[in-house]
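The primary structure of each chain is shown beneath.
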Amino acid sequence: MDTITKIDPVTGMVMNLTELKKYMEEAILKPLDHKNLDLDVPYFTGVVSTTKNVAVYIWENLQKLLPVGVLYKVKVYETDNNIVVYKGE
């Protein structure tokens, strides 16, 4: 069963965007930005670095940091024709 995250009636947000940016920096940018995924990211030593697996990696790392029920999906654009949407399946 999916958890539905409530919108704060005062702020109109599910979560503070400054906090989200901090979580994204920690879960995505620090480990992946300007890195050779296959050589520099331990997760990808045993996992092929496909767009789908990058989406799974991002989901797993964000899920650890975000409040329960906030993360709905991860969308990774490799090209205009190759886009992966991952919802934690």
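Residues numbered from 1 in each chain as written. Predicted model: local features only at pLDDT ≥ 70, side-chain atom pairs only at ≥ 80, totals over all residues. Heavy atoms only, no water.

Under the annotation held in an unreviewed UniProt entry, the protein chain carries the name 6-pyruvoyl tetrahydrobiopterin synthase and is attributed to Oryctolagus cuniculus. Taken from UniProt, the Sequence similarities (unreviewed entry) comment for the protein chain reads in full: "Belongs to the PTPS family." The record in UniProt for the protein chain states the following under Cofactor (unreviewed entry): "Zn(2+)". (UniProt positions renumbered as here; feature names shortened; annotations may be inferred.)

## Considerations on the side chain of threonine 51
Tracing the backbone shows threonine 51 in helix H3 (residues 51-65). For threonine 51, a relative accessible area of 11% translates into the label buried. Within the structure, the side chain of threonine 51 is placed 2.5 Å from the side chain of glutamate 78, a separation counted as a polar contact. Look past the residues within four positions of threonine 51 in its chain and what remains in contact with it is Val76, Glu78, Asn82 and Val84. (Helix = DSSP H or I, 4+ residues; strand = E, 2+ residues; numbered from the N terminus. Buried < 20%, exposed > 50% of the residue type's maximum accessible area, 1.4 Å probe, protein only. Polar contact = N/O pair within 3.5 Å; in protein donor to acceptor, adjacent residues only side chain to side chain. Contact = heavy atoms within 4.5 Å.)

## Notes on the packing of helix H1 (residues 17-32) against H3
Running from amino to carboxyl end, H1 crosses H3 at an angle of 145 degrees, the nearest separation of the two axes being 8 Å. Where H1 crosses over H3, the two elements pack in a sense that is right-handed. Here Tyr23, Met24, Glu26, Ala27, Ile28, Pro31 and Leu32 of H1 lie close against H3, whose contacting residues are Tyr57, Ile58, Asn61, Leu62 and Leu65. Partitioned by chemical class, the residues of the contact of H1 with H3 number ten nonpolar, one polar and one charged. (Axes fitted to C-alpha atoms, helices over the stretch in contact; angles between N-to-C directions. Left-handed = near helix turned anticlockwise from the far one by under 90°. Nonpolar A, V, L, I, M, F, W, Y, C, P; charged D, E, K, R; others polar.)

## So, the pairing of strand E1 (residues 74-77)
Residues Val74 and Val76 line the buried face of E1, whereas the alternating positions Lys75 and Tyr77 sit on a face that is not buried. One ladder, built from four bridges, connects E1 with strand E2 (residues 83-86); its direction is antiparallel. Note on E2: the bridge partner recorded for valine 76 is valine 84. (Pairing = 2+ DSSP bridges.)

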